[in-house]
Amino acid sequence: MKYSNFFLPTVKDAPSDAEIISHQLMIRAGMIKQSSAGIYSWLPLGLIVLKKIEQIVREEQNNAGAIELLMPTIQSSDLWIKSGRYDDYGKEMLRITDRSGREMLYGPTNEELITDIFKSHINSYKDLPKNLYHIQWKFRDEVRPRFGVMRGREFLMKDNYSFDIDENSAKNSYDNMFKAYIKTFIRMGLTPISLRAETGPIGGSLSHEFQILAKTGESTLYYDKKLETLNMNTIDPNELQSFYAAVDDQHDEKNCPISKDNLKISKGIEVGHIFYFGTKYSEKLNALVQDKKGKNIPVHMGSYGIGISRLVGALIEAYHDEKGIKWPLEVAPFKLSIINLMPEDQDCDTKSMEYYEYFMKNNIEVILDDRNCSIGKKLSDNELIGIPFQIIIGKRDLKDGLVEFKNRQTNIVEKIPIDNLINFINTILTK
Ligand code: 5CA
(Lines give C-alpha, C1' and ligand atoms only; values in the text may rest on other atoms or scores of the structure.)
Protein backbone atom coordinates (compact mmCIF):
# COMPACT_ATOMS: atom_id res chain seq x y z
CA MET A 1 0.00 0.00 0.00
CA LYS A 2 1.23 3.47 -0.81
CA TYR A 3 0.33 6.00 1.82
CA SER A 4 -0.44 8.56 -0.90
CA ASN A 5 -3.16 6.27 -2.32
CA PHE A 6 -4.47 5.13 1.05
CA PHE A 7 -7.12 6.83 3.17
CA LEU A 8 -5.47 7.35 6.53
CA PRO A 9 -6.79 10.60 7.97
CA THR A 10 -4.64 11.11 11.08
CA VAL A 11 -5.66 14.00 13.32
CA LYS A 12 -3.61 16.02 15.76
CA ASP A 13 -5.99 16.20 18.68
CA ALA A 14 -8.59 13.78 19.91
CA PRO A 15 -12.03 15.19 20.83
CA SER A 16 -12.46 16.07 24.50
CA ASP A 17 -15.04 13.32 25.10
CA ALA A 18 -12.44 10.64 24.27
CA GLU A 19 -11.57 9.79 27.88
CA ILE A 20 -9.31 6.80 27.48
CA ILE A 21 -6.10 6.36 25.54
CA SER A 22 -7.35 3.73 23.06
CA HIS A 23 -10.28 5.94 22.07
CA GLN A 24 -7.98 8.93 21.63
CA LEU A 25 -5.43 6.97 19.62
CA MET A 26 -8.01 5.27 17.39
CA ILE A 27 -9.39 8.65 16.39
CA ARG A 28 -5.98 10.26 16.03
CA ALA A 29 -4.68 7.33 13.96
CA GLY A 30 -7.64 7.61 11.57
CA MET A 31 -9.04 4.18 12.51
CA ILE A 32 -12.62 5.10 13.35
CA LYS A 33 -15.05 7.97 13.08
CA GLN A 34 -18.00 8.34 15.36
CA SER A 35 -21.30 8.34 13.53
CA SER A 36 -23.54 8.72 16.59
CA ALA A 37 -23.14 7.87 20.29
CA GLY A 38 -21.49 4.45 20.55
CA ILE A 39 -21.71 3.84 16.78
CA TYR A 40 -18.62 4.09 14.58
CA SER A 41 -17.51 3.88 10.99
CA TRP A 42 -14.40 1.78 10.64
CA LEU A 43 -11.92 3.62 8.45
CA PRO A 44 -9.44 1.54 6.39
CA LEU A 45 -6.68 1.22 9.01
CA GLY A 46 -9.16 0.29 11.73
CA LEU A 47 -10.89 -2.17 9.44
CA ILE A 48 -7.64 -4.00 8.63
CA VAL A 49 -6.97 -4.54 12.35
CA LEU A 50 -10.59 -5.55 13.00
CA LYS A 51 -10.34 -8.15 10.22
CA LYS A 52 -7.03 -9.49 11.56
CA ILE A 53 -8.51 -10.01 15.00
CA GLU A 54 -11.61 -11.56 13.46
CA GLN A 55 -9.42 -13.99 11.49
CA ILE A 56 -7.43 -15.11 14.55
CA VAL A 57 -10.68 -15.69 16.43
CA ARG A 58 -12.08 -17.61 13.44
CA GLU A 59 -8.99 -19.82 13.10
CA GLU A 60 -9.01 -20.76 16.77
CA GLN A 61 -12.75 -21.48 16.66
CA ASN A 62 -12.23 -23.71 13.64
CA ASN A 63 -9.25 -25.41 15.33
CA ALA A 64 -11.49 -26.16 18.30
CA GLY A 65 -14.09 -27.81 16.05
CA ALA A 66 -16.69 -25.02 16.00
CA ILE A 67 -18.57 -24.51 12.72
CA GLU A 68 -19.20 -21.06 11.25
CA LEU A 69 -22.55 -19.83 10.00
CA LEU A 70 -24.10 -16.39 9.78
CA MET A 71 -27.30 -15.24 11.42
CA PRO A 72 -28.97 -11.91 10.62
CA THR A 73 -28.67 -8.74 12.68
CA ILE A 74 -32.43 -8.14 12.60
CA GLN A 75 -34.55 -10.73 14.36
CA SER A 76 -38.26 -11.24 14.85
CA SER A 77 -39.56 -10.76 18.39
CA ASP A 78 -41.45 -14.12 18.41
CA LEU A 79 -38.62 -16.28 19.75
CA TRP A 80 -37.70 -13.69 22.36
CA ILE A 81 -41.26 -13.60 23.61
CA LYS A 82 -41.14 -17.41 23.94
CA SER A 83 -37.84 -17.38 25.83
CA GLY A 84 -39.12 -14.65 28.15
CA ARG A 85 -36.27 -12.29 27.34
CA TYR A 86 -38.29 -9.85 25.24
CA ASP A 87 -39.34 -8.05 28.41
CA ASP A 88 -36.25 -8.92 30.49
CA TYR A 89 -33.89 -7.14 28.10
CA GLY A 90 -35.71 -3.85 28.62
CA LYS A 91 -34.43 -0.68 27.01
CA GLU A 92 -31.07 -2.16 26.10
CA MET A 93 -32.76 -3.90 23.16
CA LEU A 94 -33.35 -1.83 20.06
CA ARG A 95 -36.91 -2.55 18.93
CA ILE A 96 -38.06 -1.89 15.39
CA THR A 97 -41.48 -2.14 13.78
CA ASP A 98 -41.54 -3.15 10.11
CA ARG A 99 -44.01 -1.82 7.50
CA SER A 100 -46.50 -4.59 8.32
CA GLY A 101 -46.47 -3.68 11.97
CA ARG A 102 -44.38 -6.72 12.98
CA GLU A 103 -42.15 -6.28 16.00
CA MET A 104 -38.52 -6.82 15.11
CA LEU A 105 -35.31 -6.18 17.00
CA TYR A 106 -31.62 -5.66 16.36
CA GLY A 107 -30.00 -8.71 17.99
CA PRO A 108 -28.03 -8.06 21.19
CA THR A 109 -27.07 -11.79 21.23
CA ASN A 110 -28.32 -14.95 19.53
CA GLU A 111 -29.30 -17.72 21.98
CA GLU A 112 -32.91 -17.77 20.76
CA LEU A 113 -32.19 -17.74 17.03
CA ILE A 114 -29.52 -20.43 17.15
CA THR A 115 -31.72 -22.66 19.32
CA ASP A 116 -34.43 -22.34 16.69
CA ILE A 117 -31.99 -23.22 13.88
CA PHE A 118 -30.71 -26.18 15.89
CA LYS A 119 -34.14 -27.57 16.65
CA SER A 120 -35.24 -27.37 13.02
CA HIS A 121 -32.47 -29.71 11.93
CA ILE A 122 -31.15 -31.79 14.81
CA ASN A 123 -33.16 -34.17 16.94
CA SER A 124 -30.90 -37.05 17.93
CA TYR A 125 -27.99 -37.61 20.32
CA LYS A 126 -26.19 -39.11 17.30
CA ASP A 127 -25.67 -35.60 15.87
CA LEU A 128 -24.21 -34.23 19.10
CA PRO A 129 -22.11 -32.51 20.25
CA LYS A 130 -22.42 -29.49 17.95
CA ASN A 131 -20.82 -26.12 18.28
CA LEU A 132 -21.96 -23.32 15.95
CA TYR A 133 -20.60 -19.79 15.77
CA HIS A 134 -20.95 -16.59 13.87
CA ILE A 135 -19.21 -13.25 13.74
CA GLN A 136 -21.83 -10.55 13.47
CA TRP A 137 -22.65 -7.02 14.56
CA LYS A 138 -24.74 -6.68 17.70
CA PHE A 139 -26.65 -3.74 19.09
CA ARG A 140 -27.16 -2.94 22.76
CA ASP A 141 -28.59 0.41 23.65
CA GLU A 142 -26.14 0.92 26.52
CA VAL A 143 -27.17 3.62 29.02
CA ARG A 144 -23.71 5.14 28.82
CA PRO A 145 -21.84 4.19 25.68
CA ARG A 146 -18.27 5.33 26.28
CA PHE A 147 -14.62 4.54 25.84
CA GLY A 148 -14.96 4.38 22.05
CA VAL A 149 -15.25 0.84 20.70
CA MET A 150 -14.78 -0.63 24.17
CA ARG A 151 -18.37 0.03 25.15
CA GLY A 152 -20.19 0.76 21.93
CA ARG A 153 -23.84 0.42 21.15
CA GLU A 154 -23.07 -1.34 17.87
CA PHE A 155 -20.19 -3.80 18.21
CA LEU A 156 -18.75 -6.86 16.51
CA MET A 157 -18.94 -10.07 18.47
CA LYS A 158 -18.02 -13.68 17.85
CA ASP A 159 -20.66 -15.74 19.57
CA ASN A 160 -21.02 -19.45 19.60
CA TYR A 161 -23.35 -21.97 21.03
CA SER A 162 -22.70 -25.54 22.08
CA PHE A 163 -25.28 -28.33 22.13
CA ASP A 164 -24.79 -31.49 24.17
CA ILE A 165 -26.79 -34.45 25.37
CA ASP A 166 -26.03 -34.00 29.09
CA GLU A 167 -24.23 -31.87 31.64
CA ASN A 168 -20.99 -33.88 31.52
CA SER A 169 -20.63 -33.58 27.82
CA ALA A 170 -21.62 -29.89 28.00
CA LYS A 171 -18.79 -29.27 30.50
CA ASN A 172 -16.37 -30.79 27.95
CA SER A 173 -17.64 -28.36 25.32
CA TYR A 174 -17.26 -25.53 27.84
CA ASP A 175 -13.68 -26.54 28.63
CA ASN A 176 -12.87 -26.89 24.96
CA MET A 177 -13.97 -23.27 24.39
CA PHE A 178 -12.17 -22.16 27.55
CA LYS A 179 -8.97 -23.53 26.06
CA ALA A 180 -9.65 -21.98 22.64
CA TYR A 181 -10.16 -18.58 24.30
CA ILE A 182 -6.84 -18.69 26.13
CA LYS A 183 -5.08 -19.62 22.88
CA THR A 184 -6.87 -16.91 20.92
CA PHE A 185 -5.79 -14.13 23.28
CA ILE A 186 -2.22 -15.38 23.63
CA ARG A 187 -1.92 -15.47 19.83
CA MET A 188 -2.76 -11.76 19.76
CA GLY A 189 0.09 -11.05 22.14
CA LEU A 190 -2.21 -10.56 25.13
CA THR A 191 -2.13 -12.02 28.65
CA PRO A 192 -5.57 -13.46 29.45
CA ILE A 193 -6.76 -13.92 33.03
CA SER A 194 -9.82 -16.15 33.45
CA LEU A 195 -12.21 -15.48 36.35
CA ARG A 196 -15.43 -17.04 37.64
CA ALA A 197 -18.23 -14.63 36.72
CA GLU A 198 -21.88 -13.73 37.17
CA THR A 199 -24.23 -15.00 34.47
CA GLY A 200 -26.43 -11.86 34.23
CA PRO A 201 -29.16 -11.73 31.56
CA ILE A 202 -27.72 -14.76 29.70
CA GLY A 203 -28.48 -16.98 32.72
CA GLY A 204 -27.09 -20.35 33.85
CA SER A 205 -24.95 -21.85 36.56
CA LEU A 206 -21.37 -21.65 35.30
CA SER A 207 -19.59 -18.73 33.74
CA HIS A 208 -16.10 -17.35 33.24
CA GLU A 209 -14.96 -14.04 31.95
CA PHE A 210 -11.65 -13.44 30.25
CA GLN A 211 -9.84 -10.24 31.00
CA ILE A 212 -6.62 -9.17 29.36
CA LEU A 213 -3.96 -7.29 31.25
CA ALA A 214 -3.48 -3.61 30.43
CA LYS A 215 -2.12 -0.92 32.76
CA THR A 216 -4.98 1.36 31.79
CA GLY A 217 -7.69 -1.31 32.22
CA GLU A 218 -10.99 -0.57 33.97
CA SER A 219 -11.07 -3.45 36.48
CA THR A 220 -8.56 -4.36 39.16
CA LEU A 221 -7.77 -8.06 39.15
CA TYR A 222 -6.37 -10.17 42.00
CA TYR A 223 -5.04 -13.51 40.79
CA ASP A 224 -2.59 -16.33 41.18
CA LYS A 225 0.62 -15.33 39.41
CA LYS A 226 0.68 -18.71 37.61
CA LEU A 227 -2.15 -17.38 35.40
CA GLU A 228 0.32 -14.93 33.85
CA THR A 229 2.72 -17.50 32.48
CA LEU A 230 0.66 -19.93 30.47
CA ASN A 231 2.01 -22.12 27.72
CA MET A 232 -0.39 -22.12 24.79
CA ASN A 233 0.33 -25.79 24.05
CA THR A 234 -0.32 -27.22 27.49
CA ILE A 235 -3.48 -25.51 28.69
CA ASP A 236 -5.48 -27.52 31.18
CA PRO A 237 -8.87 -25.79 31.64
CA ASN A 238 -9.66 -27.59 34.91
CA GLU A 239 -6.34 -26.56 36.40
CA LEU A 240 -6.79 -22.95 35.25
CA GLN A 241 -10.33 -22.84 36.64
CA SER A 242 -8.96 -23.93 40.02
CA PHE A 243 -6.50 -21.01 40.27
CA TYR A 244 -7.54 -18.04 42.33
CA ALA A 245 -8.73 -14.96 40.39
CA ALA A 246 -11.16 -12.23 41.42
CA VAL A 247 -12.13 -8.67 40.52
CA ASP A 248 -11.81 -6.05 43.25
CA ASP A 249 -15.37 -6.21 44.59
CA GLN A 250 -15.12 -10.02 44.99
CA HIS A 251 -11.64 -10.03 46.49
CA ASP A 252 -11.46 -10.27 50.26
CA GLU A 253 -7.92 -9.89 51.53
CA LYS A 254 -8.58 -11.73 54.80
CA ASN A 255 -10.12 -14.77 53.16
CA CYS A 256 -7.86 -14.96 50.11
CA PRO A 257 -6.84 -18.63 49.67
CA ILE A 258 -3.35 -17.92 48.30
CA SER A 259 -0.27 -16.36 49.87
CA LYS A 260 0.72 -12.76 49.28
CA ASP A 261 3.80 -13.95 47.40
CA ASN A 262 1.68 -15.73 44.83
CA LEU A 263 -0.94 -13.01 44.51
CA LYS A 264 -0.69 -10.50 41.66
CA ILE A 265 -2.73 -7.34 41.33
CA SER A 266 -3.12 -5.79 37.87
CA LYS A 267 -5.58 -3.88 35.75
CA GLY A 268 -7.63 -5.73 33.17
CA ILE A 269 -10.24 -5.39 30.42
CA GLU A 270 -12.99 -7.95 29.79
CA VAL A 271 -12.78 -9.26 26.24
CA GLY A 272 -14.63 -12.57 26.46
CA HIS A 273 -17.34 -14.28 28.46
CA ILE A 274 -18.53 -17.89 28.42
CA PHE A 275 -21.64 -19.47 29.93
CA TYR A 276 -23.12 -22.88 30.61
CA PHE A 277 -26.86 -22.52 31.09
CA GLY A 278 -28.11 -26.09 30.69
CA THR A 279 -31.63 -26.32 29.34
CA LYS A 280 -32.75 -22.73 30.01
CA TYR A 281 -33.45 -21.94 26.34
CA SER A 282 -34.00 -25.45 24.97
CA GLU A 283 -36.91 -26.04 27.36
CA LYS A 284 -38.63 -22.77 26.54
CA LEU A 285 -38.05 -23.11 22.79
CA ASN A 286 -38.71 -26.84 22.73
CA ALA A 287 -35.31 -27.91 21.37
CA LEU A 288 -35.47 -31.61 22.14
CA VAL A 289 -33.15 -34.45 21.18
CA GLN A 290 -33.67 -38.16 21.44
CA ASP A 291 -31.30 -39.82 23.92
CA LYS A 292 -29.95 -43.39 23.66
CA LYS A 293 -33.09 -44.77 25.27
CA GLY A 294 -35.32 -43.05 22.72
CA LYS A 295 -36.54 -40.42 25.17
CA ASN A 296 -36.88 -36.78 24.03
CA ILE A 297 -34.97 -34.48 26.33
CA PRO A 298 -34.03 -30.78 26.14
CA VAL A 299 -30.53 -30.21 24.79
CA HIS A 300 -27.83 -28.78 27.10
CA MET A 301 -26.39 -25.51 25.90
CA GLY A 302 -23.58 -23.08 26.47
CA SER A 303 -22.77 -19.75 24.85
CA TYR A 304 -19.42 -18.10 24.32
CA GLY A 305 -18.69 -14.51 23.34
CA ILE A 306 -15.61 -12.56 22.27
CA GLY A 307 -15.80 -8.80 21.76
CA ILE A 308 -13.92 -8.46 18.47
CA SER A 309 -14.34 -4.70 18.10
CA ARG A 310 -13.61 -4.24 21.82
CA LEU A 311 -10.35 -6.15 21.33
CA VAL A 312 -9.07 -3.45 18.95
CA GLY A 313 -9.33 -0.94 21.80
CA ALA A 314 -8.07 -3.44 24.40
CA LEU A 315 -4.97 -4.18 22.33
CA ILE A 316 -4.18 -0.48 22.14
CA GLU A 317 -4.68 -0.14 25.90
CA ALA A 318 -2.14 -2.96 26.31
CA TYR A 319 0.30 -1.68 23.67
CA HIS A 320 0.95 2.04 23.38
CA ASP A 321 3.30 4.78 24.53
CA GLU A 322 3.10 8.57 24.63
CA LYS A 323 3.68 8.75 20.86
CA GLY A 324 1.06 6.28 19.76
CA ILE A 325 0.14 2.66 19.16
CA LYS A 326 2.62 -0.25 19.23
CA TRP A 327 0.84 -3.12 17.46
CA PRO A 328 1.91 -6.68 18.25
CA LEU A 329 3.01 -8.29 14.97
CA GLU A 330 0.06 -10.74 14.76
CA VAL A 331 -2.58 -8.00 14.59
CA ALA A 332 -0.60 -5.14 13.04
CA PRO A 333 -2.31 -3.57 10.02
CA PHE A 334 1.04 -3.69 8.18
CA LYS A 335 4.19 -5.42 9.33
CA LEU A 336 6.54 -2.87 7.79
CA SER A 337 6.47 0.80 7.09
CA ILE A 338 8.97 2.18 4.60
CA ILE A 339 9.36 5.85 5.35
CA ASN A 340 10.85 7.78 2.46
CA LEU A 341 12.01 10.99 4.10
CA MET A 342 12.76 12.68 0.76
CA PRO A 343 10.44 11.51 -2.03
CA GLU A 344 11.79 14.26 -4.32
CA ASP A 345 15.31 12.78 -4.11
CA GLN A 346 16.01 10.25 -6.88
CA ASP A 347 18.17 7.92 -4.73
CA CYS A 348 15.70 7.85 -1.82
CA ASP A 349 12.87 7.21 -4.23
CA THR A 350 14.64 4.39 -6.09
CA LYS A 351 15.70 2.58 -2.89
CA SER A 352 12.26 2.93 -1.28
CA MET A 353 10.57 1.56 -4.39
CA GLU A 354 13.04 -1.30 -4.64
CA TYR A 355 12.31 -2.43 -1.06
CA TYR A 356 8.59 -1.79 -1.45
CA GLU A 357 8.33 -3.89 -4.59
CA TYR A 358 10.31 -6.73 -3.00
CA PHE A 359 8.04 -6.89 0.05
CA MET A 360 4.88 -6.56 -2.02
CA LYS A 361 6.03 -9.39 -4.31
CA ASN A 362 6.75 -11.56 -1.27
CA ASN A 363 3.36 -10.89 0.34
CA ILE A 364 4.80 -9.07 3.31
CA GLU A 365 2.27 -6.44 4.38
CA VAL A 366 3.98 -3.10 3.86
CA ILE A 367 3.01 0.54 3.67
CA LEU A 368 5.24 2.98 1.80
CA ASP A 369 5.11 6.50 3.17
CA ASP A 370 5.70 8.37 -0.07
CA ARG A 371 3.85 11.54 0.94
CA ASN A 372 5.16 14.96 0.16
CA CYS A 373 4.97 16.35 3.66
CA SER A 374 7.40 17.44 6.36
CA ILE A 375 9.80 14.89 7.82
CA GLY A 376 8.41 15.70 11.27
CA LYS A 377 4.84 14.88 10.25
CA LYS A 378 5.95 11.69 8.54
CA LEU A 379 7.82 10.43 11.58
CA SER A 380 5.11 11.38 14.06
CA ASP A 381 2.32 9.83 11.96
CA ASN A 382 4.32 6.62 11.76
CA GLU A 383 4.84 6.55 15.52
CA LEU A 384 1.11 7.14 15.93
CA ILE A 385 -0.10 4.31 13.66
CA GLY A 386 2.32 1.90 15.34
CA ILE A 387 3.54 -0.37 12.52
CA PRO A 388 5.94 -2.81 14.25
CA PHE A 389 8.97 -2.22 12.01
CA GLN A 390 9.98 1.03 10.34
CA ILE A 391 12.55 1.31 7.56
CA ILE A 392 13.58 4.93 7.38
CA ILE A 393 15.25 6.08 4.18
CA GLY A 394 17.14 9.39 4.25
CA LYS A 395 19.59 11.04 1.89
CA ARG A 396 22.55 11.23 4.27
CA ASP A 397 22.35 7.58 5.39
CA LEU A 398 21.96 6.38 1.82
CA LYS A 399 25.19 8.16 0.86
CA ASP A 400 26.91 6.07 3.56
CA GLY A 401 25.22 2.92 2.24
CA LEU A 402 22.84 2.69 5.21
CA VAL A 403 19.16 2.79 6.11
CA GLU A 404 17.62 3.19 9.53
CA PHE A 405 15.56 0.43 11.11
CA LYS A 406 13.29 1.11 14.06
CA ASN A 407 11.53 -1.49 16.17
CA ARG A 408 8.36 0.23 17.38
CA GLN A 409 7.91 -2.17 20.31
CA THR A 410 11.32 -1.37 21.82
CA ASN A 411 11.85 1.99 20.09
CA ILE A 412 15.44 0.87 19.39
CA VAL A 413 16.94 2.31 16.18
CA GLU A 414 19.77 0.66 14.24
CA LYS A 415 21.62 1.48 11.03
CA ILE A 416 21.61 -1.39 8.55
CA PRO A 417 23.74 -1.64 5.37
CA ILE A 418 21.38 -1.24 2.42
CA ASP A 419 22.25 -4.63 0.91
CA ASN A 420 21.60 -6.47 4.21
CA LEU A 421 18.21 -4.96 4.88
CA ILE A 422 16.05 -7.55 3.15
CA ASN A 423 17.84 -10.43 4.88
CA PHE A 424 17.63 -8.61 8.17
CA ILE A 425 13.85 -8.10 7.82
CA ASN A 426 13.26 -11.67 6.67
CA THR A 427 15.12 -12.96 9.72
CA ILE A 428 13.10 -10.77 12.09
CA LEU A 429 9.81 -11.78 10.53
CA THR A 430 10.53 -15.49 10.73
CA LYS A 431 11.64 -15.34 14.38
N1 5CA B 1 -24.45 -14.44 24.57
C2 5CA B 1 -23.30 -14.26 25.42
C3 5CA B 1 -22.13 -15.03 24.93
S4 5CA B 1 -22.17 -15.26 23.25
C5 5CA B 1 -22.99 -12.78 25.54
O6 5CA B 1 -23.58 -11.97 24.88
N7 5CA B 1 -22.04 -12.47 26.40
S8 5CA B 1 -21.58 -10.99 26.80
O9 5CA B 1 -22.71 -10.16 27.03
O10 5CA B 1 -20.71 -11.12 27.92
O11 5CA B 1 -20.78 -10.39 25.62
C12 5CA B 1 -19.64 -11.07 25.11
C13 5CA B 1 -18.50 -10.10 24.86
O14 5CA B 1 -18.91 -9.07 23.98
C15 5CA B 1 -18.01 -9.37 26.10
O16 5CA B 1 -17.07 -10.13 26.81
C17 5CA B 1 -17.38 -8.13 25.50
O18 5CA B 1 -16.06 -8.41 25.10
C19 5CA B 1 -18.23 -7.87 24.28
N20 5CA B 1 -19.19 -6.78 24.53
C21 5CA B 1 -20.32 -6.83 25.26
N22 5CA B 1 -20.93 -5.64 25.28
C23 5CA B 1 -20.17 -4.81 24.53
C24 5CA B 1 -20.28 -3.44 24.15
N25 5CA B 1 -21.29 -2.69 24.54
N26 5CA B 1 -19.31 -2.91 23.36
C27 5CA B 1 -18.28 -3.68 22.94
N28 5CA B 1 -18.13 -4.97 23.26
C29 5CA B 1 -19.06 -5.53 24.03
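The structure presented is a predicted model; accordingly, all values stated were derived computationally and were not measured.

Procedures and definitions
Residues numbered from 1 in each chain as written. Predicted model: local features only at pLDDT ≥ 70, side-chain atom pairs only at ≥ 80, totals over all residues. Heavy atoms only, no water. Helix = DSSP H or I, 4+ residues; strand = E, 2+ residues; numbered from the N terminus. Rg over C-alpha atoms; globule rule 2.2 N^0.38 Å. Buried < 20%, exposed > 50% of the residue type's maximum accessible area, 1.4 Å probe, protein only. Areas by Shrake-Rupley, 256 points an atom, 1.4 Å probe, with all protein chains shown as cover. Lys, Arg positive; Asp, Glu negative; His and termini not counted. Charge placed at Lys NZ, Arg CZ, Asp CG, Glu CD. Salt bridge = Lys/Arg side-chain N within 4 Å of Asp/Glu carboxyl O. Pairing = 2+ DSSP bridges. Axes fitted to C-alpha atoms, helices over the stretch in contact; angles between N-to-C directions. Contact = heavy atoms within 4.5 Å. Phe/Tyr/Trp six-rings, centres within 6.5 Å; stacked < 30°, edge-to-face > 60°. Near = heavy atom within 4 Å. Polar contact = N/O pair within 3.5 Å; in protein donor to acceptor, adjacent residues only side chain to side chain.

Student: Talk me through the overall build of the protein chain; I want residue IDs and the actual numbers.
Tutor: Of regular secondary structure, the protein chain possesses 13 helices and 23 strands. The globule rule puts the C-alpha radius of gyration for 431 residues at 22 Å, and the 24 Å found for the protein chain is close to it. Here the protein chain holds 431 residues, and the buried ones make up 54% of them. About 19900 Å² of surface is accessible on the protein chain, with carbon and sulfur atoms providing 48% of the total. Computed over 56 positive and 60 negative side-chain charges, the inter-centroid distance for the protein chain is 1 Å.

Student: Explain the pattern of salt bridges residue by residue, including any values.
Tutor: Counted under the stated rule, the structure contains 28 salt bridges. Here lysine 377 makes a salt bridge to aspartate 381, at a shortest N to O gap of 3.0 Å. In this pair, lysine 377 and aspartate 381 both sit in helix 11 (residues 375-385), 4 residues apart, roughly one turn of the helix. Classification of lysine 377 by relative accessible area gives partly exposed; the value is 36%.

Student: Explain the sheet that holds strand 22 (residues 402-407) to me, using residue names and the numbers behind them.
Tutor: An order of 20-19-21-22-23 is seen for the 5 strands of this open sheet, with the pairing classed as mixed. Two strands close off the open sheet at either side, each with one partner strand: strand 20 (366-369) and strand 23 (412-417). Going from strand to strand, the sheet's axes swing by 20° on average, the running direction of each strand aside. The pairing of strand 19 (residues 336-340) with strand 20 spans 4 bridges and is classified as parallel. Of the residues in strand 20, the one forming a bridge with isoleucine 338 is leucine 368. Against the sheet, helix 11 engages strand 19, strand 20, strand 21 (389-393) and strand 22, with an angle of about 170° to strand 19.

Student: Describe the packing of aromatic side chains, listing the residues and the values that go with them.
Tutor: With the rule as written, the count across this model stands at 13 aromatic pairs. Aromatic pair tryptophan 80 and tyrosine 89: ring centres 5.7 Å apart, planes at 80°, arrangement edge-to-face. By relative accessible area, tryptophan 80 is classed as buried at 0%. When the ring of tyrosine 174 is compared with that of tyrosine 304, the centres are 6.3 Å apart and the planes differ by 55°; the resulting orientation is tilted.

Student: Please set out the site of the ligand residue by residue, giving values where relevant.
Tutor: In the region of the ligand, 22 residues are neighbours, and Thr109, Glu111, Arg140, Glu142 and Glu270 sit closest. The separation between a nitrogen atom of the ligand and a polar main-chain atom of glycine 152 is 2.8 Å. Contact distances for the ligand include 3.3 Å between an oxygen atom and a side-chain N or O atom of histidine 273. In isolation the ligand has 600 Å² of accessible area, and contact with the protein removes 95% of it. Among the secondary structure elements, those contributing two or more residues to the shell around the ligand are strand 8 (154-164), strand 13 (263-278) and strand 16 (300-307). In terms of residues, the shell around the ligand owes the most to one element, strand 13, which gives 5 residues.

Student: Tell me about the side chain of histidine 273, and name the residues and values.
Tutor: When you line up the elements, histidine 273 lands in strand 13. Using a relative accessible area of 15% as the deciding quantity, one classes histidine 273 as buried. There is a polar contact of 3.5 Å between the side chain of histidine 273 and the backbone oxygen of glutamate 198. With near-sequence residues (within four places) excluded, histidine 273 lies in contact with Tyr181, Ala197, Glu198, Ser207, His208, Glu209, Phe210, Ser303, Tyr304 and Gly305.

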